[in-house]
Amino acid sequence: NQIKPELSAPGQSLVLASGGRGTGLVLASGTSFSAPLVTGAVALIRQRCPACSAFAMKCILVNTVERGILYNNEGDGVLAPISLTGSGVVNLERALSTDIW
């Protein structure tokens, strides 16, 4: 009986590098940005810890998430159920500063 998803990633109001010359920024939204964000996070964790197994990297991400995701942007403080968000949103800064290294 595992909770799925195990974590979530931002997919709304993301500031991204724009295409072309790569010198500008663009504001974008969509769940298609979530998977590349998590993939990039895993790549940075792998760079920091080349010996970490896939399971260890997953544990680092899941155990360092930002908890308490709001269900909507209405400002009503309603938290999203874990069936939608898993343990929380990826927090790369926290993941890279964990004591596992």
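Structure's up top.
Residues numbered from 1 in each chain as written. Predicted model: local features only at pLDDT ≥ 70, side-chain atom pairs only at ≥ 80, totals over all residues. Heavy atoms only, no water.

Novice: Which residues make up the pattern of salt bridges, and what are the values?
Specialist: Following the criterion strictly, the structure yields three salt bridges and no others. Two residues, Lys-4 and Glu-6, come together in a salt bridge whose shortest N-O distance is 3.1 Å. Glu-6 sits in the partly exposed class, given a relative accessible area of 25%. Residue Lys-58 is joined to Glu-6 by a salt bridge in which the shortest nitrogen-to-oxygen separation is 2.8 Å. Note that Lys-58 is positioned in helix H2 (residues 54-63) and Glu-6 in the segment before strand S1 (14-17), a separation of 52 residues in sequence. Overall, Lys-58 belongs to the partly exposed group, its relative accessible area being 34%. Among the charged side chains, a salt-bridge network with shared partners connects Lys-4, Glu-6 and Lys-58. (Salt bridge = Lys/Arg side-chain N within 4 Å of Asp/Glu carboxyl O. Buried < 20%, exposed > 50% of the residue type's maximum accessible area, 1.4 Å probe, protein only. Helix = DSSP H or I, 4+ residues; strand = E, 2+ residues; numbered from the N terminus.)

Novice: Account for the nonpolar core, naming residues and giving values.
Specialist: Residues Leu-7, Ile-45, Cys-52, Ile-60, Leu-61, Val-90 and Ala-95 are the most contacted members of the largest nonpolar core, which totals 13 residues. Sorting the residues of this core by element identifies helix H1 (34-48) and H2 as the ones contributing at least two each. (Core = buried A, V, L, I, M, F, W, Y, C linked by side-chain atoms within 4.5 Å.)

Novice: Got a sec to walk through the packing of H1 against H2? Specific residues and values, please.
Specialist: Look at H1 against H2: their axes get within 10 Å of each other, and the N-to-C directions meet at 115 degrees. Helix-helix and strand crossings are classified by hand; for H1 and H2 the assignment is right-handed. Where H1 abuts H2, its residues Val-38, Ala-41, Val-42, Ile-45 and Arg-46 lie against Met-57, Ile-60 and Leu-61. When the residues that make up the contact of H1 with H2 are grouped by side-chain class, the tally is seven nonpolar, no polar and one charged. (Axes fitted to C-alpha atoms, helices over the stretch in contact; angles between N-to-C directions. Left-handed = near helix turned anticlockwise from the far one by under 90°. Contact = heavy atoms within 4.5 Å. Nonpolar A, V, L, I, M, F, W, Y, C, P; charged D, E, K, R; others polar.)

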